[in-house]
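Listed here are the chains, written in short residue letters.
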Amino acid sequence: MSEPPAGTAAPAGAAARADRRVVLVLVLGALSAMAPLSIDMYLPALPRVASDLSTGAFQAQLTLTACVVGLAAGQAVAGPLSDALGRRRPLLAGLAAYAVASLLCVAAPTVETLIALRVVQGAAGAAGIVIARAVVRDLYDGVAAARFFSSLMLVNGLAPILAPVIGGQLLRVMPWPGVFGVLTGIGVALLLATLAGLGETLPPERRETGGLRATVRTFGALARDRSFVGPALALALAFAALFTYISGSPFVLQDIYHLSPQAFSIAFGVNSLGIVVAGQLSGRLAGRVALRRLLAAGLATVAAGGLLLLGAVLAGGGLPAVLPALFLVASGQGLIMPNATALALAGRPPRVTGSASALLGLSQFALGGAAGPLAGIAGPRTAVPMAVTIAVLSLLAAAVAAAAPSRVASAN
């Protein structure tokens with residue numbers, strides 16, 4: 001048999017690598033979208049949930065907080081497990097549990113039952129989020145990781161754009177429990193996609209073998225590591241501001257500014273598109289602009305949005321003043337998320353990457369879950385609590401980077 005012409009093997013190999021990268025981006029991007037899928041598709045239904053279950057806005061918002069609490073706690077478990085058992089087995093178990101929990105939410109008879117099931121749903125879905133980050137760090141580091149995280153935002157950024165739009169349209173043809181039926185199908189689809197498209201990225205010889213004691217030591221070491229704490233805290237505070245917007249905007253925009261569920265979904269989707277665009281801009285600039293500078297730019301954008309929102313609400317401004325401010329609060333996250341994540345995980349050995357990813361996610365969702373209900377603490381007829389909370393959190397996030405720049409790691 002004759003040898004192939006010189007130069008043909010390399011292009012074929014390059015094409016295969018490109019195809020594998022596309023599959024990896026699609027699968028990991030979808031897994032990273034577990035949080036917005038679980039939260040955002042359900043947003044337009046919040047006022048109906050409060051009405052149908054004979055409860056108030058605060059209790060309805062607790063169903064969001066419950067999911068976030070589950071997402072936080074689940075990451076603290078799934079991350080270290082993936083360091084010890086490999087990435088694949090904990091991920092598949094989490095996706096299967098997510099589908100079951102989503103199906104049970106369909107039949108929840110009371111708001112208390114729904115809150116409990118949402119904790120389970122969030123905890124199961126957390127496996128996809130934390131392990132997706134760990135897989136990226138298994139394969140990439142530094143600027144390369146930041147670029148890959150930005151690529152993921154092109155995929156998972158579609159979730160907060162499409163999810164509330166889909167949720168709003170579903171509410172036209174079915175009651176709100178139908179949203180959880182759709183989430184059940186999404187969980188099954190992600191399980192099948194992971195089985196087919198994602199192999200093991202942490203071989204046995206690179207796994208953590210020290211058990212729970214080693215995990216506790218790792219968490220303690222990370223909590224004392226300023227190169228981790230800086231970007232992790234900035235990310236967590238900015239995410240809490242975003243989640244306050246996510247939690248409060250269905251009531252603020254629909255009850256106060258009288259948007260329909262469909263119009264709210266469109267407004268929410270536009271803001272989510274801002275996250276995607278900013279994330280792609282971040283990916284193009286990574287390597288030419290220091291990651292810490294990109295992070296600082298995102299934090300400044302969110303802080304500006306928070307201040308503009310507070311001013312608009314206190315001055316009695318209408319939608320023309322409120323919506324641009326919310327756009328800044330949302331879109332700045334596209335610069336914050338990939339760069340803060342890459343900086344926090346940079347240089348971590350593979351055997352602790354899952355634990356580092358877990359602590360990163362735990363801080364995000366713990367702060368987000370605590371801040372979210374504050375948006376509705378004074379009832380659904382005022383936007384002041386949401387605006388104050390977003391402004392304070394966004395300023396704190398910017399202050400973390402400004403006051404302690406050495407914590408926000410190195411440029412590359």
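Rules used throughout
Residues numbered from 1 in each chain as written. Predicted model: local features only at pLDDT ≥ 70, side-chain atom pairs only at ≥ 80, totals over all residues. Heavy atoms only, no water. Core = buried A, V, L, I, M, F, W, Y, C linked by side-chain atoms within 4.5 Å. Buried < 20%, exposed > 50% of the residue type's maximum accessible area, 1.4 Å probe, protein only. Helix = DSSP H or I, 4+ residues; strand = E, 2+ residues; numbered from the N terminus. Contact = heavy atoms within 4.5 Å. Phe/Tyr/Trp six-rings, centres within 6.5 Å; stacked < 30°, edge-to-face > 60°. Lys NZ or Arg CZ within 6 Å of the ring centre and 35° of its normal. Axes fitted to C-alpha atoms, helices over the stretch in contact; angles between N-to-C directions. Parallel < 35°, antiparallel > 145°, perpendicular 65-115°, else oblique. Nonpolar A, V, L, I, M, F, W, Y, C, P; charged D, E, K, R; others polar. pLDDT = per-residue confidence, 0-100. Salt bridge = Lys/Arg side-chain N within 4 Å of Asp/Glu carboxyl O.

Trainee: For this particular structure, what's the right way to read the nonpolar core?
Mentor: Note on soluble globular proteins: their nonpolar side chains tend to be buried together. With 120 residues, the main nonpolar core has L28, I39, L114 and L309 as its most contacted residues. Broken down by element, the residue count for this core peaks at 16 residues, all from helix 11 (residues 226-256). Once you skip the residues sitting within four places of it in the chain, L28 turns out to touch A132, V135, V136, F148, L152 and L198.

Trainee: How do you make sense of the packing of aromatic side chains when you look at a structure like this?
Mentor: The description of an aromatic ring pair rests on the distance of the ring centres and on the angle between the ring planes. Following the criterion strictly, the structure yields seven aromatic pairs and no others. Here Y42 and F180 contribute two aromatic rings whose centre-to-centre distance is 5.2 Å and whose plane-to-plane angle is 50°, an arrangement assigned as tilted. Placement of the pair is Y42 in the loop between helix 2 (34-40) and helix 3 (46-52) and F180 in helix 9 (residues 177-197), with a sequence separation of 138 residues. Considered together, Y42 and F180 belong to a single accessibility category, that of buried residues. By way of ring pairs, the aromatic residues Y42, W176 and F180 are connected into one cluster. Lying across the ring of Y42, R118 places its NZ or CZ 4.5 Å from the centre.

Trainee: Looking at this structure, I do not really get the packing of helix 14 (residues 319-331) against helix 15 (residues 333-345). What am I missing?
Mentor: Packed helix pairs are specified by the crossing angle of their axes together with the interaxial distance, meaning the distance between the axes. Running from N to C, helix 14 and helix 15 point in directions that differ by 10°, and their axes come no closer than 5 Å. Our classification of the angle between helix 14 and helix 15 gives roughly parallel. Every residue of helix 15 that contacts helix 14 at V329, A330 and S331 is listed here: Q333, G334 and L335. Its residues assigned to classes, the contact of helix 14 with helix 15 comprises three nonpolar, three polar and no charged.

Trainee: Just to check I follow, could you spell out the confidence of the model for the protein chain for this structure?
Mentor: Low-pLDDT stretches of the model should not have their predicted coordinates read in fine detail. Confidence in the prediction of the protein chain, expressed as mean pLDDT, is 84, and 92% of residues score 70 or more. The low-confidence segment residues 1-10, where pLDDT is below 50, has zero contacts with residues more than four positions distant or belonging to other chains. Predicted confidence is poor over residues 405-412, with pLDDT under 50, and the contacts of this stretch with residues over four places away or in other chains come to 21 contacts.

Trainee: Got a minute to help me understand the pattern of salt bridges in this structure?
Mentor: Opposite charge on two side chains makes pairing possible when the charged atoms of those side chains draw close. Evaluation of the coordinates by the stated rule reveals five salt bridges. Between D138 and R87 there is a salt bridge whose closest N-O contact spans 2.8 Å. Residue D138 is found in helix 6 (residues 111-139), and its partner R87 is found in the loop between helix 4 (57-85) and helix 5 (88-105); the two are separated by 51 residues along the sequence. Exposure remark for R87: the relative accessible area of 2% places this residue in the buried category. Here R207 ties to E200 by a salt bridge, and the two come within 3.9 Å at their closest N and O atoms. Note on E200: relative accessible area 33%, which makes it partly exposed. Each member of the salt-bridge network shares a partner with another, and the members are D83, R87 and D138.

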